[in-house]
Amino acid sequence: MKRARLVDVAERAGVSRTTASAALGGSGRIGEETRRHVLAVAQAMGYEVNRLAQNLRSQRAGAIAVYLPPDSSDHEYYLAFAFGVVDGATEHETPVVLIPNGTTETSLARDHVDGYIVVDAIDDDPQLARILATGKPVIAAEPLPPGSPAPAGLVEIDHCRAVTALLDHLRAQGAQRPALIAPSLDTAWARQVDRAHRTWCAATGVGRRVASTPFLADAASVQQPVDELFAAEPGPDAILVAPDGIAAAVAAAIAARGVEVGRDVLLAACVDGIGVWSSTPPITAIDLRPRAHGRACADLLWQVLEDPDDDVPGKPDPRIVRFEPELRPRASTRAG
């Protein structure tokens, strides 16, 4: 049986070859009804898009890249985010390249990708500087470090609002001395968490208590901040854990002191995950929805690649997308 060609699809669909190509490639400014019609005809004819030829014509590499913070590959949040990018890229049949924290041009995959997605950019990261210097579109999942070139798009979470809502929840549950375990302030996310806690404490007249951990903390790093918070008298009656992946270890460290989480001390996390909701008791958390967040970043990068000049004067910047997290109250904050 003769293989269907693009011209055959165009003829059967009753459109020009250019329109058929745009519909099958997901590009161009054609009506959605026309696009669906052409796709249906192509499917019925068994037509397969030649992605290599399509990329050559459009001068594209045909792949996108994701850059995660250094040493983050064993953190659940970043794995979920990366799979979300893959979800979005799969819909467009686009491969995803994971960029390492390298020091060479090869590590950038500059000639093999059309754009980059960056999450939790760390201040003074030389690899981030190299990515931004490629001149290719960059979608940021959080604001980039101060002084960085503006990204092509931003899928932004209002962490200040989310953390404030969580602190309000702790107060409504009876907490009067909520303390914070926080990372170093070298990412936009960490600065927002710190600012939200500082502002909330000032507005409510609560004395501020903060203990520090690394940005990418692990279970071994929680004992010192827990001891530090309980060394003061009176000790905290609630603890908010900012870094990903350590809330369950904090719960264990609290329990080792003979203090019961959910009764004597309330516990909440700024980043939800399997270890958070499966803890005993399950820990209240902000669900940042990383997989959906990654998907939203991939969708925005695709829009930028398809319509790089699609900015409408007089309207809000279409390249900024607001992404909403969700508060998940659980047994760790049910006092009494």
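In what follows, the structure referred to is the one given above.
Reading guide: rules and limits
Residues numbered from 1 in each chain as written. Predicted model: local features only at pLDDT ≥ 70, side-chain atom pairs only at ≥ 80, totals over all residues. Heavy atoms only, no water. Phe/Tyr/Trp six-rings, centres within 6.5 Å; stacked < 30°, edge-to-face > 60°. Buried < 20%, exposed > 50% of the residue type's maximum accessible area, 1.4 Å probe, protein only. Helix = DSSP H or I, 4+ residues; strand = E, 2+ residues; numbered from the N terminus. Contact = heavy atoms within 4.5 Å. Pairing = 2+ DSSP bridges. Axes fitted to C-alpha atoms, helices over the stretch in contact; angles between N-to-C directions. Salt bridge = Lys/Arg side-chain N within 4 Å of Asp/Glu carboxyl O. Arc of directions from axis to C-beta. Polar contact = N/O pair within 3.5 Å; in protein donor to acceptor, adjacent residues only side chain to side chain. Core = buried A, V, L, I, M, F, W, Y, C linked by side-chain atoms within 4.5 Å.

1. Considerations on the packing of aromatic side chains
Under the defined criterion, the tally for this structure stands at 2 aromatic pairs. When the ring of Tyr 77 is compared with that of Tyr 78, the centres are 5.0 Å apart and the planes differ by 90°; the resulting orientation is edge-to-face. Owing to a relative accessible area of 5%, Tyr 77 belongs among the buried residues under this scheme. Take Tyr 78: its relative accessible area is 4%, and that puts it in the buried class.

2. What to know about the environment of Pro 143
Structurally, the position occupied by Pro 143 is in the loop between strand E4 (138-140) and strand E5 (153-156). Residues Pro 143 and Asp 120, 23 residues apart in the sequence, show an inter-C-alpha distance of 8.0 Å. Residues within four places of Pro 143 in sequence aside, it is in contact with Leu 154, Glu 156, Ala 188 and Gln 192.

3. Overview of the sheet that holds strand E11 (residues 320-322)
Whenever strands of a sheet pair, they do so through backbone hydrogen bonds, lying parallel or antiparallel. Reading across from one edge, E2-E1-E3-E4-E5-E11 is the order of the 6 strands in this open sheet, with parallel pairing throughout. Unpaired on one side and paired on the other, strand E2 (96-99) and E11 mark the two borders of the sheet. Along the sheet, successive strands turn relative to each other by an average axial angle of 20°, direction set aside. Lying on the sheet, helix H5 (residues 76-91) is in contact with strand E1 (64-67), E2 and strand E3 (116-118); it crosses E1 at an angle near 170°.

4. Let's talk about the pattern of salt bridges
Under the defined criterion, the tally for this structure stands at 15 salt bridges. Here Glu 156 makes a salt bridge to Arg 322, at a shortest N to O gap of 2.5 Å. Of this pair, Glu 156 sits in strand E5 while Arg 322 sits in strand E11, and the two are 166 residues apart along the sequence. For Arg 322, a relative accessible area of 57% puts it in the exposed group. The shortest N-O distance in the salt bridge between Asp 287 and Arg 328 comes to 3.0 Å. Remark: Arg 328 occurs in strand E12 (residues 326-328) and Asp 287 occurs in strand E10 (residues 284-287); sequence separation between them is 41 residues. A relative accessible area of 30% means that Arg 328 is categorised as partly exposed. Members of the salt-bridge network, linked through shared partners, are Glu 91, Arg 295 and Asp 299.

5. A closer look at helix H6 (residues 126-133)
Each turn of an α-helix holds 3.6 residues, which means side chains three or four residues apart point in the same direction. Inspection of H6 places Gln 127, Leu 128, Ile 131 and Leu 132 among the buried residues, and these make up the whole buried set. For H6, the angular spread of buried residues about the axis comes to 140°, placing them on one side. Its buried side turned inward, H6 meets E1, E2, E3 and E4. Between the side-chain oxygen at the start of H6 and the backbone nitrogen of Gln 127 there is a gap of 3.0 Å, and the oxygen is on Asp 125.

6. Focus on the sheet that holds E12
Ordered by their spatial adjacency, 6 strands build an open sheet running E7-E6-E8-E9-E10-E12, and the pairing between neighbours is mixed. In the strand order of this sheet, the two ends are held by strand E7 (210-213) and E12, each with one partner. Across the sheet, the axes of successive neighbouring strands diverge by a mean angle of 20°, strand direction being ignored. Judged from the 3 bridges that link them, E10 and E12 form a sheet pairing that is antiparallel. Following the sheet pairing, Asp 287 is matched in E12 by Glu 326. Packing of helix H8 (residues 188-204) onto the sheet brings it into contact with strand E6 (178-183) and E7, and relative to E6 it is tilted by some 160°. Across the face of the sheet, helix H10 (residues 247-255) comes into contact with E6, strand E8 (238-241) and strand E9 (266-269) while running at roughly 165° to E9.

7. Points about unusual backbone geometry
A cis amide bond links Glu 233 with the next residue in sequence, Pro 234, at an omega value of -10°. Cis peptide bonds are those with omega within 30 degrees of zero, and the linkage from Thr 280 to Pro 281 qualifies with -5°. Following the sequence through the fold, Pro 281 ends up in the loop between helix H11 (274-277) and E10. With a phi close to 50°, Asp 120 is a non-glycine residue in the positive phi region. Tracing the sequence through the fold places Asp 120 in the loop between E3 and H6. Even without being a glycine, Asp 124 presents a positive backbone phi close to 60°. Residue position: Asp 124 is located in the loop between E3 and H6.

8. What to know about the nonpolar core
Judged by nonpolar contacts, the single largest core of 49 residues is most densely connected at Phe 81, Ile 117, Ile 139, Val 163, Trp 189, Leu 240 and Cys 270. When residues of this core are traced back to their parent elements, those giving at least two are E1, H5, helix H7 (159-172), E6, H8, E8, E9 and helix H12 (290-306). Counting residues per element, this core draws most heavily on H12, which supplies 7 residues. In this structure Ile 139 touches Tyr 116, Ile 117, Val 118, Ala 152, Gly 153, Val 155, Cys 297, Leu 300, Leu 301 and Val 304, once residues within four positions along its chain are discounted. Listed in part, the 25 residues of the second largest apolar core include Ala 179, Val 250, Val 259 and Val 261.

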